[in-house]
Amino acid sequence: MAKVAILGYGTVGSGVYEVLKKNKDVITGRLGDEIIVKYVLDLREFDSDPVQEVLVHDMEMILNDAEVSIVCETMGGEHPAYEYTKRALEAGKSVCTSNKELVEKHGPELIQLAKAHNCSYLFEASVGGGIPIIRPLRTSLAQEDILSITGILNGTTNYILTKMETEGLAFETVLARAQEKGYAEKNPDADILGLDACRKISILTSLAYGKNVDFADIMTEGITAITSVDFAYAKKMGATIKLFAKSVKKGDKYYALVAPFVVKPENPLYAVKGVFNAILVNANMGGETMYYGKGAGKLATASAVVADVIDCARHTGKHLHIKWEDEKLEISPIDGAVRRFFVRVPMADKAQIENVFGEVELFQDVADGECGFVTEEMTEVSYREKAAKFGNILSMIRVD
Ligand code: HSE
């Protein structure tokens, strides 16, 4: 029997409690053993909730109870989650978390600490909510050299872009509606500026290559400049626009960026709509695999935490190895990355444009007073030079 403590009875913590209760028989069957919630730590009281029976307000009770072998850290935020996690690991208790901030900031240190104390630090729920992606990277793809990871890793921005596409609405209108409905945060900056997706791709890239990616090294562009006119052009191209978080390995160099991309239906990520997330992994032996599902939400996220709890319960007294060293993974500037670019400029003729950009596919009847074109493949730095030479660029979106 494995005894568990849940830190925080908020959205995810209460979800973990619910998953462990509702799916008790399924879990017991698959694990061949029972998982019992011995404590739930929260400052609040929950009088009419059965959780009250196991509710405690003092972390020391959990740390001093040798029966508790697994702790679910579902508090969120850096403090005191960081201190509680360290103390639990030092006490030999495995920690399973949904806390992306903590994982991104302290992942290598906490994994090392778990190793030193013969327990595990698992964080499936920290990226892509309920989507299994961290375990596949650690197990099913352990034999693979990962060539690239491309993710739609933020549900809020994918929801906004989907609505802009399907209803022809402006970014600000969709954002305001999403906020009214509680789909977007009151302060949506982390989502719409691409920072949330950046943190998530930095975790996935660290895991894929075993060294630590500093998210500040990842060029990040959000979706605030995307307009309904961009979608009108995308429609004309038979494409859509998605916020991609990408990392690529080319030889011994690593590139990463978060930016909106024009995406054609041939890309499996084209079909990912609304709040859903997906991650496309390209590996050198097995080729492409894709992971799709709910990137957030109470039960989806909690389900991923419980998957980690079961993994820990299966490996009591053992450390589950995760290669994520403190050594920095050098992310190269994206200057040399080769792709096509969709560019909007004030109305110009094809010869004028091709004189600077080379051969282009031109769209002149989408919006008044301007035209758009897609370049041939060129490097980022070459695009920048040509754009500076041409001048007066209205906007640019990369083409996947
Ligand atoms: N704000 C995030 C999103 C939630 O929209 O995807 C999950 O990290």
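All values reported here derive from a predicted model rather than from experimental measurement. (Residues numbered from 1 in each chain as written. Predicted model: local features only at pLDDT ≥ 70, side-chain atom pairs only at ≥ 80, totals over all residues. Heavy atoms only, no water.)

In this section: the overall build of the chain. A tally of regular secondary structure across the chain gives 14 helices and 17 strands. In terms of overall size, the chain behaves like a compact globule, its C-alpha atoms giving a radius of gyration of 23 Å where 400 residues would be expected to give roughly 21 Å. Going through the 400 residues of the chain one by one, you find that 54% of them count as buried. Total accessible area on the chain is roughly 17,300 Å²; 50% of this is exposed by carbon and sulfur atoms. (Helix = DSSP H or I, 4+ residues; strand = E, 2+ residues; numbered from the N terminus. Rg over C-alpha atoms; globule rule 2.2 N^0.38 Å. Buried < 20%, exposed > 50% of the residue type's maximum accessible area, 1.4 Å probe, protein only. Areas by Shrake-Rupley, 256 points an atom, 1.4 Å probe, with all protein chains shown as cover.)

Further remarks concern the layout of surface pockets. Quantified by volume, the largest pocket comes out at close to 1,100 Å³. In terms of lining, the largest pocket is formed by 39 residues, of which the most central are K100, E185, D196, K200 and A296. Only helix 1 (11–22), helix 5 (100–116), helix 7 (155–167), helix 9 (189–192), helix 10 (195–209) and helix 12 (298–314) provide two or more residues apiece to the lining of the largest pocket. It is helix 10 that provides the largest number of residues to the lining of the largest pocket, a total of 4 residues. Broken down by class, the residue content of the lining of the largest pocket amounts to 11 nonpolar, 18 polar and 10 charged. When residues are assigned to domains, the lining of the largest pocket turns out to be shared by domain 1 (2–129 + 298–314) and domain 2 (143–294), each giving three or more. Considered as a void within the structure, the second largest pocket measures approximately 500 Å³ in volume. K246, V248, V338, R339 and D400 are the residues nearest the centre of the second largest pocket, which is lined by 24 residues in total. Looking at the lining of the second largest pocket, the element that brings in the most residues is strand 10 (residues 253–263), giving 4 residues. The residue inventory of the lining of the second largest pocket, partitioned by class, reads 12 nonpolar, 5 polar and 7 charged. A domain-level breakdown of the lining of the second largest pocket finds at least three residues from each of domain 2 (143–294) and domain 3 (334–399). (1 Å grid on protein atoms, 1.4 Å probe; cavity = no way out; pocket = protein on both sides within 12 Å on 5 of 7 lines; lining within 4 Å. Points joined across faces, edges and corners; volume = space filled by probe spheres on them. Nonpolar A, V, L, I, M, F, W, Y, C, P; charged D, E, K, R; others polar. Domains from an automatic or database assignment.)

A few words on the site of the ligand. Taken together, K100, N154, G155, T156, D191, D196, K200, G295 and A296 make up the full set of residues adjacent to the ligand. Between an oxygen atom of the ligand and a side-chain N or O atom of K100, the distance comes to 3.2 Å. Between the ligand and the protein, one listed contact pairs an oxygen atom with a side-chain N or O atom of K200 at 2.9 Å. Isolated, the ligand exposes 260 Å² of accessible area, and the fraction of that covered by the protein chains is 77%. A molecule is said to occupy a pocket when more than half its atoms come within 2 Å of that pocket's grid points, and by this definition the ligand occupies the largest pocket. Considered class by class, the residues forming the shell around the ligand number 1 nonpolar, 4 polar and 4 charged. (Near = heavy atom within 4 Å. Polar contact = N/O pair within 3.5 Å; in protein donor to acceptor, adjacent residues only side chain to side chain. Sits in = over half its atoms within 2 Å of the grid points.)

Right, let's talk about the sheet that holds strand 1 (residues 2–7) for a bit. As summarised here, the arrangement of the 6 strands in space is 3-2-1-4-5-6, forming an open sheet in which the pairing is parallel. Of all the strands in the sheet, the pair left with one neighbour each is strand 3 (55–56) and strand 6 (121–122). Bridge count for strand 1 against strand 4 (residues 68–73) is 5 bridges, and the pairing is parallel. Looking at strand 4, one finds that K3 is bridged to V68. (Pairing = 2+ DSSP bridges.)

On domain assignment, one finds that the chain holds domain 1 (2–129 + 298–314), domain 2 (143–294) and domain 3 (334–399). Between domain 2 and domain 3, the C-alpha centre-to-centre distance is 22 Å. Facing the 19 residues of domain 2 at the interface are 17 residues of domain 3. At the boundary of domain 2 with domain 3, total buried surface from both sides reaches about 1,600 Å², with 69% on carbon and sulfur atoms. Counting every contact that joins domain 2 to domain 3 gives 3 salt bridges. A salt bridge links E221 to R398; its shortest N-O distance comes to 3.4 Å. Where domain 2 meets domain 3, there are 7 residue pairs in polar contact (both at pLDDT 80 or more). Elements supplying a minimum of two residues to the side of domain 2 that touches domain 3: helix 11 (228–236) and strand 10. Here the side of domain 2 that touches domain 3 is built from residues that sort into 14 nonpolar, 1 polar and 4 charged. (Contact = heavy atoms within 4.5 Å. Buried area = accessible area lost by both parts, 1.4 Å probe. Salt bridge = Lys/Arg side-chain N within 4 Å of Asp/Glu carboxyl O.)

The subject of this paragraph is the packing of helix 13 (residues 350–357) against helix 14 (residues 380–390). Between helix 13 and helix 14, the least distance of the axes is 9 Å, while the angle of their chain directions is 135 degrees. By the angle class used here, helix 13 and helix 14 are oblique. The two elements helix 13 and helix 14 cross, and the hand of that crossing is right-handed. The segment helix 13 lies against helix 14, with Q352, I353, V356 and F357 engaging Y383, K386, A387, K389 and F390. For the contact of helix 13 with helix 14, a count of residues per class yields 6 nonpolar, 1 polar and 2 charged. (Axes fitted to C-alpha atoms, helices over the stretch in contact; angles between N-to-C directions. Parallel < 35°, antiparallel > 145°, perpendicular 65-115°, else oblique. Left-handed = near helix turned anticlockwise from the far one by under 90°.)

If you trace the backbone, V306 turns up in helix 12. With 181 residues separating them in the primary sequence, V306 and A125 have C-alpha atoms 9.1 Å apart. Residues contacting V306, with those up to four places away along its chain left out, are V16, V19, L20 and I27.

A word on unusual backbone geometry. Between H79 and P80 the backbone carries a cis peptide bond, its omega angle lying at 5 degrees. Tracing the sequence through the fold places P80 in the loop between strand 4 and helix 4 (81–90). With phi around 60 degrees, N118 is a residue other than glycine that occupies positive phi space. Secondary-structure assignment places N118 in the loop between helix 5 and strand 6. According to the relative accessible area criterion, N118 is partly exposed, its value standing at 45%. With a phi angle near 55 degrees, N392 is a residue other than glycine that sits in the positive phi range. Tracing the backbone through its elements, the reader meets N392 in the loop between helix 14 and strand 17 (395–399).

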